[in-house]
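Residue-level listing of the chains:
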Amino acid sequence: MTGVSSALSTKAHFVFPNRDNVEWSEEQEASARNKVQENSRQFVPQDKQDEYELNANEYWNDFYKIHENGFFKDRHWLFTEFPELAPNQNLSQPEASAYKNGSIRKPRNTRLGSCENGLCSLETKTQEHHQFDLMKDSHTIISRLDPDGEAILKRSDGDFPGSSATCRILEVGCGAGNTVFPILQTNNDPGLFVYCCDFSNTAVDLVQTNAEYDSSRCFAFVHDLCKDQSPYPMPEESLDIIILIFVLSAILPEKMQCVINRLSRLLKPGGMILLRDYGRYDLAQLRFKKGRCLSDNFYVRGDGTRVYFFTQDELGALFTTAGLEKVQNLVDRRLQVNRGKQVTMHRVWIQCKYRKPFPAGHKENGHVH
Ligand SMILES: C[S@@+](CC[C@H](N)C(=O)[O-])C[C@H]1O[C@@H](n2cnc3c(N)ncnc32)[C@H](O)[C@@H]1O
């Protein structure tokens, strides 16, 4: 697991300099390019590559059987980088916990969907009415497993898990829930409903059996992003936010465009995809040894899981081809210092926010799009 661990674990003894991008010198860039040329000299044989693709979910199942939810825990950056995930964090900490444990009730007739950035639709409902709708949602859904272990979701239009919510967030490739649970804890919008999926049924089990899993606010399901026919439990144009955190990089590059096209259809006009993923020449890419490369900038780790290293332009092209507009596309180059071992590590991550445009002629707050 060295690939994954070196890529994502950020233990306490790493000291993070401030967030400002670390400039790379030309020499450093050239040295990184040389390392990549060197480790990409020899590709993994095609029959072995086919096997990694065919059994991709099994490799991730094995990963979660070993690590359970011990990996990918550090989410200190989640709400600073993506304030859209909890735009209504306006309660003080003691108030927020009191609200969470039920000792404070929100006033009746609350104006729901308080997302300030306009992502969430506004609707007025009583708290009780809303709770009733959410309870109804969690009971009307019928799900069982098909032979591949994917949930078969029965729904009719207007009746799907979270159908009465005013703000819907989907995390794809959710793993053990290390993004979903912080969102549920931090975002106190009573109109919020969070979906999350992964093609590893071991990961989805970890989410569903977590003590914090609350089926009136959350729906976790098994789903392979690369299977075109695999259903989503919500209709098109129903989501406010879709989150992809270190997941697109795990997918065969040829399949990425279809995945993004399909996800973009699930977004409401004005809804956004938020992505954070590995950037070209990240330390994890430079550390691969010869013989692990599958195709340009795509590698297989020792445990059979795969990883791609993106440029900003590649991600921009994927999103704009799917009809989305850029809100943010930045490269985050960081220097991590392990003082104990006196090692410096250059990390490269890319962060994107792409929005689905409103149809031409659509009026919002008096402005015509
Ligand atoms: C590096 S992990 C990141 C997990 C999680 N997003 C996080 O940051 O904690 C990549 C995740 O993507 C999932 N994944 C990879 N390919 C997938 C696919 N085709 N469909 C659904 N999930 C996939 C894996 O099972 C794994 O949980």
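Located above this text is the structure these notes cover.
The sections below set out a description of the structure shown in this document. Because the structure is predicted, anything quoted here is derived from the model rather than measured.

Regarding the overall build of the protein chain
Now for step 1: When you go through the protein chain residue by residue, the secondary structure sums to twelve helices and 17 strands.
Now for step 2: Residues classed as buried in the protein chain amount to 51% of the 369 residues present.
Now for step 3: Pairs at least 24 apart in sequence give 74% of the contacts found in the protein chain among residues at least 6 apart.
Now for step 4: For the protein chain, the accessible surface area stands at approximately 17600 Å², while carbon and sulfur atoms represent 50% of it.

What about the nonpolar core?
Now for step 1: Counting residues in hydrophobic clusters, the biggest one holds 85 residues, and the most contacted among them are Leu85, Leu170, Leu248 and Leu263.
Now for step 2: Leaving out residues up to four positions away in the same chain, Leu85 has contacts with Leu78, Phe79, Ile169, Ile183, Asn187, Ile241, Ile243 and Leu274.
Now for step 3: Counting residues in each nonpolar core, the second largest holds six residues, with Trp60, Ala176, Ala203 and Ala250 among its members.

Focus on the side chain of Asp332
Now for step 1: Relative to the helices and strands, Asp332 is located in strand β14 (residues 325–338).
Now for step 2: Residue classification places Asp332 among the buried residues on the basis of a relative accessible area of 0%.
Now for step 3: For Asp332, the side chain forms a polar contact with the side chain of Arg334, separated by 3.0 Å.

What about the pairing of strand β15 (residues 343–355)?
Now for step 1: Note that strand β10 (residues 267–278) and β15 share seven bridges and pair antiparallel. Bridge assignment links Tyr278 to a residue of β15, and that residue is Trp349.
Now for step 2: Sheet topology places β14 next to β15; 13 bridges connect them, and they run antiparallel. Residue Asn338 lies in a different strand from β15, and its bridge partner there is Val343.

Comments concerning the side chain of Thr202
Now for step 1: Along the chain, Thr202 falls in helix α9 (residues 201–208).
Now for step 2: In this structure the side chain of Thr202 is engaged in a polar contact, spanning 3.0 Å, whose partner is the side chain of Asn61.
Now for step 3: Residues within four places of Thr202 in sequence aside, it is in contact with Asn61, Tyr64 and Lys65.

Brief notes about the site of the ligand
Now for step 1: Neighbouring the ligand are 19 residues, the closest being Tyr64, Arg75, Gly173, Asp198 and Ile245.
Now for step 2: One of the side-chain nitrogen or oxygen atoms of Tyr64 is found 2.6 Å away from an oxygen atom of the ligand.
Now for step 3: Measuring from a nitrogen atom of the ligand, one finds a backbone N or O atom of Ile245 at 2.8 Å.
Now for step 4: Protein chains bury 99% of the 590 Å² of accessible surface belonging to the ligand in isolation.
Now for step 5: Along the lines of polarity and charge, the residues of the shell around the ligand split into eleven nonpolar, four polar and four charged.

What to know about the packing of helix α10 (residues 253–266) against helix α12 (residues 312–321)
When two helices pack together, their arrangement is given by the angle between the helix axes and the distance between those axes.
Now for step 1: With their axes 8 Å apart at the nearest point, α10 and α12 run at an angle of 45° to one another. Classified by the angle between their axes, α10 and α12 sit oblique to one another. When the axes of α10 and α12 are compared, the crossing they make is right-handed. Between α10 and α12, the contacting residues are Met256, Gln257, Ile260 and Asn261 on the first element and Ala317, Leu318, Phe319 and Thr321 on the second.
Now for step 2: For the contact of α10 with α12, the per-class residue count stands at five nonpolar, three polar and no charged.

Scoring rules and cut-offs
- Residues numbered from 1 in each chain as written.
- Predicted model: local features only at pLDDT ≥ 70, side-chain atom pairs only at ≥ 80, totals over all residues.
- Heavy atoms only, no water.
- Helix = DSSP H or I, 4+ residues; strand = E, 2+ residues; numbered from the N terminus.
- Buried < 20%, exposed > 50% of the residue type's maximum accessible area, 1.4 Å probe, protein only.
- Contact = heavy atoms within 4.5 Å.
- Areas by Shrake-Rupley, 256 points an atom, 1.4 Å probe, with all protein chains shown as cover.
- Core = buried A, V, L, I, M, F, W, Y, C linked by side-chain atoms within 4.5 Å.
- Polar contact = N/O pair within 3.5 Å; in protein donor to acceptor, adjacent residues only side chain to side chain.
- Pairing = 2+ DSSP bridges.
- Near = heavy atom within 4 Å.
- Nonpolar A, V, L, I, M, F, W, Y, C, P; charged D, E, K, R; others polar.
- Axes fitted to C-alpha atoms, helices over the stretch in contact; angles between N-to-C directions.
- Parallel < 35°, antiparallel > 145°, perpendicular 65-115°, else oblique.
- Left-handed = near helix turned anticlockwise from the far one by under 90°.

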